[in-house]
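Chain by chain, the residues:
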Amino acid sequence: MKKHRRDGLWPLILPPFALLAAVTVLPIVFTFVISLYFVDPTSPNPAQFQGFANYFALFSDERFINSLVVMAQLIVFPVVLQVLIGLALAIVLKEKLLGTRWMRLVFILPAVIPPAVSGLLWKLFIIPGAGGLTYMGSLAGVDLQPDLLNLPLPALIVVITASVWVGTPFVALLFLSALETVGSEQYEAATIDGASWLQSHWHISIPAIRPVITTVVVFRILEALAIFPIIFILTGGGPAGATEPVNYYAYVTGFDYLKIDYAATLIFFFFMIMMSFCAPFLVRIARSARGATA
């Protein structure tokens, strides 16, 4: 009976599944095909097949190697900080202290602001001599006029900070939703047994929401480099490539240098790196979901 019921669902599932495949799989396949050809948009000559020449060229491209390092930095540091800060915020908001209701409304604002606007806000904040950072320094009697965006390490730190500022509210909301499913009787029992507030959350809260933490980490990794508009507005990938991840390098290569085939190679290689890293976690999440519904 259950099998016949599932068979009857296929006509409903297949159309949206086919549409989803068309808008996700086909562009990836098309990008891979382009990467195998030499494409010159300024020439009337047809594209010439060159095989995997572009992929071999990647490993001798110093700018690509640098973009890989920047990509790793823009994934690891923001994701770790978002998870730690988001978890701390979720625990504080769960306590329902005085003022936490208003905090829920205020701290969600960065998550709903468009990334390009967030980048503009941060750029206005750190403009030397006229931004909010200089004003805050003047209130404290300190002359703060550093040109952070023209120095490699400070520029990278600013981009990481903006990424954390944008992503942390969403992470905190997910953690808060998971924490609110943990029964209060567990904390009461821990208190009776002599556990402190910190011990209760370490031994009860974190283990209880560990699957949610894993899911959030995976999706934040996938979303970590979706701060393209922030990089575009703040630094343009500079200075000296200090904030230029692979996807931004691909953008510059394709639209500024018109090397369409090499840009497609960069994007496809970037996609394969992200999928090879996240695939095991996604499979584990899918298996957990299947086991829960079985």
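Calculation notes
- Residues numbered from 1 in each chain as written.
- Predicted model: local features only at pLDDT ≥ 70, side-chain atom pairs only at ≥ 80, totals over all residues.
- Heavy atoms only, no water.
- Helix = DSSP H or I, 4+ residues; strand = E, 2+ residues; numbered from the N terminus.
- Buried < 20%, exposed > 50% of the residue type's maximum accessible area, 1.4 Å probe, protein only.
- Contact = heavy atoms within 4.5 Å.
- Areas by Shrake-Rupley, 256 points an atom, 1.4 Å probe, with all protein chains shown as cover.
- Lys, Arg positive; Asp, Glu negative; His and termini not counted.
- Charge placed at Lys NZ, Arg CZ, Asp CG, Glu CD.
- Phe/Tyr/Trp six-rings, centres within 6.5 Å; stacked < 30°, edge-to-face > 60°.
- Salt bridge = Lys/Arg side-chain N within 4 Å of Asp/Glu carboxyl O.
- Polar contact = N/O pair within 3.5 Å; in protein donor to acceptor, adjacent residues only side chain to side chain.
- pLDDT = per-residue confidence, 0-100.
- Patch = residues over 30% accessible without salt bridge, like charges linked within 9 Å, V, L, I, M, F, W, Y side chains within 5 Å.
- Core = buried A, V, L, I, M, F, W, Y, C linked by side-chain atoms within 4.5 Å.
- Arc of directions from axis to C-beta.

A separate point is the overall build of the protein chain. Summing up its helical and strand segments, the protein chain has 15 helices and 2 strands in all. Across its three principal directions, the C-alpha atoms of the protein chain cover 80 × 75 × 30 Å. Counting over 294 residues, the protein chain shows a buried share of 35%. Considering only intrachain contacts with a sequence separation of at least 6, the fraction spanning at least 24 residues in the protein chain is 67%. Counting every atom, the protein chain has about 17,700 Å² of accessible surface; 72% of that belongs to carbon and sulfur. Between the mean site of the 16 positive side-chain charges and the mean site of the 15 negative ones, the protein chain shows a separation of 15 Å.

Moving on to the packing of aromatic side chains. Taken as a whole and judged by the stated rule, the model has 16 aromatic pairs. Taking the centre distance of 5.1 Å and the plane angle of 35° together, the rings of F228 and Y248 count as tilted. Residue F228 is found in helix α13 (residues 228-234), and its partner Y248 is found in helix α14 (residues 246-256); the two are separated by 20 residues along the sequence. The partly exposed category is assigned to F228, whose relative accessible area is 25%.

The subject of this paragraph is the side chain of D261. When you line up the elements, D261 lands in helix α15 (residues 260-293). There is no salt bridge for the buried D261, and the closest opposite charge comes from K259, which lies 8.2 Å off by N-O distance. At 3.3 Å, the side chain of D261 and the side chain of N54 are in polar contact. Not counting the four nearest positions on each side in its chain, D261 is found in contact with I34, S35, Y37, F38, V39, Q50 and N54.

Chain-level pLDDT for the protein chain is 85 on average; 93% of the residues reach the 70-or-more range. No element of the protein chain has a lower mean pLDDT than helix α1 (residues 2-7), which averages 56, and none a higher one than helix α3 (residues 53-58), which averages 94.

What follows concerns a nonpolar patch on the surface. Judged by side-chain polarity, L9, W10, L12, I13, L14 and F17 come together as a nonpolar surface patch covering roughly 640 Å² of accessible area. Looking at where L9 falls in the secondary structure, it is placed in the loop between α1 and α2 (10-35).

A few words on the nonpolar core. A general tendency of soluble globular proteins is for nonpolar side chains to be buried together. Residues L74, I75, F175, I209, L234 and L266 are the most contacted members of the largest nonpolar core, which totals 58 residues. Of the residues forming this core, the biggest block, 13 residues, is contributed by helix α9 (residues 152-179).

When helix α8 (residues 132-139) is considered as a whole, its buried residues turn out to be L133, T134 and G137. Buried residues in α8, looked at end-on, bunch into an arc of 100°, giving them a common side. Exposed residues on α8 whose side chains face more than 90 degrees from its buried face are Y135 and L139. In this structure, the buried side of α8 is in contact with α7 (115-126). Of the residues flanking the end of α8, it is G141, one or two places downstream, whose phi is positive at about 75°.

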